Amino acid sequence: MSEPSVADTRRLNSKPQDLTDAYGPPSNFLEIDVYDPQTVGVGRNRYTTYEVRMRTNLPIFKLKDSCVRRRYRDFEWLKNELERDSKIVVPSLPGKALKRQLPFRGDDGLFEDSFIEERRLGLEQFINRIAGHPLAQNERCLHMFLQEESIDRNYIPGKVRH
């Protein structure tokens with residue numbers, strides 16, 4: 001009869017960290033900022049766009065630094081594509097703010113600075129959660145959203161090969 005196995009609980013030998021390790025570039029990083037909201041158009045054709053900037057050293061992304069302009073509708077498109085084609089649980093977006101779209105409001109509704117900033121923060125949290133997921137990083141729609149100037153809504157869904 002064999003003896004019951006006992007887990008090895010010895011500590012791993014790690015080398016002491018030096019200044020180069022502590023303050024050098026991180027081994028893998030992915031930073032995404034949503035900033036610089038701009039409201040464009042007039043009347044019913046008015047909407048807000050946001051700059052989406054990505055910096056990374058992950059090999060899966062062909063561009064290591066990219067900057068594109070997106071609107072809320074584009075974030076909705078990305079969410080819908082990921083829900084349809086991937087196996088990940090997609091976080092929710094900040095709400096549509098339907099009450100802010102009603103006519104005859106005493107404020108700027110969707111275009112009030114405080115609302116735009118609140119939405120910007122929500123969109124930044126959303127895209128960072130998505131892009132930080134290892135399975136989502138393989139999705140073609142995420143790469144298109146983060147790195148291509150315009151979104152081809154007729155693209156063929158699939159995985160990115162690296």
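Scoring rules and cut-offs
- Residues numbered from 1 in each chain as written.
- Predicted model: local features only at pLDDT ≥ 70, side-chain atom pairs only at ≥ 80, totals over all residues.
- Heavy atoms only, no water.
- UniProt positions renumbered as here; feature names shortened; annotations may be inferred.
- Axes fitted to C-alpha atoms, helices over the stretch in contact; angles between N-to-C directions.
- Helix = DSSP H or I, 4+ residues; strand = E, 2+ residues; numbered from the N terminus.
- Parallel < 35°, antiparallel > 145°, perpendicular 65-115°, else oblique.
- Left-handed = near helix turned anticlockwise from the far one by under 90°.
- Contact = heavy atoms within 4.5 Å.
- Nonpolar A, V, L, I, M, F, W, Y, C, P; charged D, E, K, R; others polar.
- Expected span 1.5 Å × (residues − 1).
- Salt bridge = Lys/Arg side-chain N within 4 Å of Asp/Glu carboxyl O.
- Buried < 20%, exposed > 50% of the residue type's maximum accessible area, 1.4 Å probe, protein only.

- The name that an unreviewed UniProt entry assigns to the protein chain is Sorting nexin-12, with the source organism given as Larimichthys crocea.
- Recorded in UniProt for the protein chain, the comment headed Sequence similarities (unreviewed entry) runs: "Belongs to the sorting nexin family."

### Quick word on the packing of helix H2 (residues 72-85) against helix H4 (residues 140-147)
Step number 1: Two numbers describe how H2 lies on H4: the axes approach to 9 Å, and their chain directions differ by 165°. In terms of axis orientation, H2 runs roughly antiparallel to H4. The chirality of how H2 crosses H4 is left-handed. Residues Asp-74, Phe-75, Trp-77, Leu-78, Glu-81 and Leu-82 of H2 form the contact with H4, whose own contacting residues are Cys-141, Leu-142, Met-144 and Phe-145.
Step number 2: Among the residues making up the contact of H2 with H4, the classes are represented as 8 nonpolar, no polar and 2 charged.

### As for helix H3 (residues 113-131)
Step number 1: With 19 residues, H3 extends 27 Å between its outermost C-alpha atoms, agreeing within 8% with the 27 Å of an ideal straight helix rising 1.5 Å per residue.
Step number 2: At its buried positions, H3 is contacted by strand S1 (30-40), strand S2 (47-56), H2 and H4.

### A word on the pattern of salt bridges
Step number 1: Summed over all chains, the structure comprises 12 salt bridges.
Step number 2: The salt bridge involving Asp-65 is made with Arg-53; its shortest N-O contact spans 2.9 Å. Here the residue Asp-65 occupies a position in strand S3 (residues 65-71), and Arg-53 occupies one in strand S2, the gap between them amounting to 12 residues.
Step number 3: Glu-139 is the salt-bridge partner of Lys-159, the closest N and O atoms lying 2.3 Å from each other. With Lys-159 in the segment after H4 and Glu-139 in the loop between H3 and H4, this residue pair connects regions lying 20 residues apart in the sequence.
Step number 4: Overall, the relative accessible area of 37% leaves Lys-159 in the partly exposed class.
Step number 5: Among the charged side chains, a network of salt bridges with common partners joins Glu-31, Asp-33 and Arg-55.

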